[in-house]
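# Observations on the three-dimensional arrangement
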Amino acid sequence: MNYFGHYFRISLFGESHGAQMGVIVDGCPPGLPLLPDDFMHDLQRRQSGNRGATARTETDVPCLASGLYNGHTTGAPIAILFENHDTCAADYAAFRDIPRPGHADFTATKKWKGFNDLRGGGHLSGRLTVLLVAAGVIAKKILAPVVIQAQLEEAGGQQTIAEAIDRAIAADDSIGGIIRCTAQQMPVGWGEPFFHSVESQISRLIFAIPGVNGIEFGDGFAASQRLGSARNDRFVATDGTTATNNAGGVNGGITNGNDLVFRVAVKPPASIAQPQQTLNITTGQMTDLVIAGRHDVCFALRLPVVVEAVTAIALADLKRAILPA
Ligand SMILES: Cc1cc2nc3c(=O)[nH]c(=O)nc-3n(C[C@H](O)[C@H](O)[C@H](O)COP(=O)(O)O)c2cc1C
C-alpha cells in the first residue's frame, strides 16, 4: 500500500539508484495554472550542495507526463517523473550481509526476502523525498492563501548550525536537527475529531519522511508539565484568535484558525564515516564496518522544504474533503 490521501491522493514509485522515480497526484482540481518552472524553487531547496550534505548531485528536472494541458491542470491524474543520474551501485553491495546499524538494510532485506534494491537505500531512500516536494508544489497551490513555512531551528542540539556541522564533519560523525513548521492563514474547521484529525493526517506524512523521529504540535510534550491555568489559550477575538498558541492551532483534531505550529525531530544519518563494530548476519561473526559511498552528515539541512510539502499534501486532502471544487 503506497498511497496517501482520499480526496487529494499521492502515490510514489522508484528507487534511489533506479532509472526513474515518480509521483502520481490524483484529485487535483482542473484549471490550476501549473508549469515546470513552478517546481524549481522548492526542488532546489531540497538539493545537496551545502556543507554537511551529500556529494551526490542530481539535476532534479521534473517531467510532467500527464494531467496538464495548455499550462493548466486538467483534473486528470498528474504523473511527475524524475531521472537518477549520479548513481554508484557498488557502494551498497556489502549491506546485505552487514546491514548498517541504525539504517533499514536489515528490515528491508528481511521484509522483501532479499529481492529489495539496496542501492542508495532503494525504495526507502531519502532520495524519494524529491517526489514529495514535487507533489507539495501542487498542494501548496490548492491551499492558497494558506502559507506554509519551515526552517531548521537547531542541529546536533545547537542553534549555531554551521558550527555543529563543522564539529560533526571533524569527528567523522553525523547529527540530526529540529525543524519548526507553521501554516498561516488557516481557516477554522479542517480535520475530523478521530481518525482524520489534523495532527494525525500531518503526522502520518511527516513520518513518511525517512529519518524523522518525532513531532509535537504547539507546546507538545512540555504541556504535560504545565498547569491548565498557564496553558489555556485565551480567546481575544470572535474569529477564534487566541492570545497564546500552546495548542498549535488545533483543538479536537480541528483547525482553530490560529497558526498551525509543530516541530519535527530528525535523527542523525546512520551512515557515518567512522568505522563501526557490527554483525555480519550471514556468518554470525562480529566485523568492522566501514561505510563507503556519499552521505549526508546532517540531512535535516535539506528537510524544511520536505516538511512544508508533506504538510501541504495533508492539508490539501482535508481541504478537498470540505471544498471539493
Ligand atoms: C533527504 C534525505 C537524505 C538522507 N540521507 C541519508 C544519508 O546520506 N545517509 C543515511 O544513512 N541516511 C540518510 N537519510 C535517512 C535514511 O533514508 C533513513 O534513515 C532510512 O531510510 C531508514 O529510515 P528511518 O530512519 O526512518 O528508520 C536521508 C533521509 C532524507 C530524507
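## Thoughts on the overall build of the protein
The helix and strand inventory of the protein stands at seven helices and 15 strands. Radius of gyration (C-alpha) of the protein: 21 Å, near the 20 Å computed for a compact globule of 325 residues. Once the C-alpha set of the protein is aligned to its principal axes, its extents read approximately 65 × 55 × 35 Å. The 325 residues of the protein split such that 41% are buried.

## Looking at the site of the ligand
In the vicinity of the ligand lie 19 residues, with G126, P210, P269, S271 and H295 positioned nearest. Residues that form the shell around the ligand fall into these classes: seven nonpolar, nine polar and three charged.

## Some details on the sheet that holds strand β4 (residues 63-64)
Spatially, the five strands line up as an open sheet ordered β1-β2-β3-β7-β4, and their pairing is antiparallel. The open sheet is flanked by β1 (3-4) and β4, the only strands paired with a single partner. Across six bridges, the pairing between strand β3 (residues 20-26) and strand β7 (residues 78-83) is antiparallel. Considered in β7, the bridge of V23 is made with I80. Along the sheet, helix α3 (residues 129-143) contacts β2 (9-13), β3 and β7; its crossing angle with β3, the most-contacted strand, is approximately 30 degrees.

## Notes on the sheet that holds strand β8 (residues 147-155)
Sheet architecture is open: four strands sit in the order β8-β9-β13-β10, paired in antiparallel fashion. Among the strands making up the open sheet, the edge pair consists of β8 and β10 (212-217). Averaged over neighbouring strand pairs, the angle between their axes works out to 20 degrees when direction is ignored. Note that β10 and strand β13 (residues 260-266) share five bridges and pair antiparallel. The residue of β13 that forms the bridge with V212 is V266.

## Here's the deal with the environment of Y7
Among the secondary structure elements, Y7 is positioned in the loop between β1 and β2. Each C-alpha atom of the pair Y7 and K140 lies 15 Å from the other, and the pair is 133 residues apart in sequence.

## Quick word on the pairing of strand β15 (residues 286-289)
Across four bridges, the pairing between strand β14 (residues 276-279) and β15 is antiparallel. The partner of Q276 across the bridge, within β15, is L289. The antiparallel hairpin formed by β14 and β15 contains six residues in its connecting segment, where G284 sits at a positive phi of about 75 degrees.

## Some details on the environment of G257
With respect to the element layout, G257 can be found in the loop between β12 (254-255) and β13. For G257, a count of 18 C-beta atoms within 10 Å puts it in the partly exposed group. Through-space distance from the C-alpha of G257 to that of G189 is 7.8 Å; in sequence the pair is 68 residues apart. Once residues within four sequence positions are removed from consideration, G257 is found in contact with M186, P187, V188, D239, G240 and T241.

## Digging into the packing of helix α1 (residues 37-46) against helix α7 (residues 304-322)
For the pair α1 and α7, interaxial distance at closest approach is 7 Å and the crossing angle is 130 degrees. Here α1 lies oblique to α7, going by the angle between them. Listed contacts from α7 to D42, R45 and R46 of α1 are V305, V306 and A309. Grouping the constituent residues of the contact of α1 with α7 by class yields three nonpolar, no polar and three charged.

Calculation rules
Residues numbered from 1 in each chain as written. Predicted model: local features only at pLDDT ≥ 70, side-chain atom pairs only at ≥ 80, totals over all residues. Helix = DSSP H or I, 4+ residues; strand = E, 2+ residues; numbered from the N terminus. Rg over C-alpha atoms; globule rule 2.2 N^0.38 Å. Buried ≥ 20, exposed ≤ 12 C-beta atoms within 10 Å, placed from the backbone. Near = placed C-beta within 6 Å. Nonpolar A, V, L, I, M, F, W, Y, C, P; charged D, E, K, R; others polar. Pairing = 2+ DSSP bridges. Contact = placed C-beta atoms within 7 Å. Axes fitted to C-alpha atoms, helices over the stretch in contact; angles between N-to-C directions. Parallel < 35°, antiparallel > 145°, perpendicular 65-115°, else oblique.

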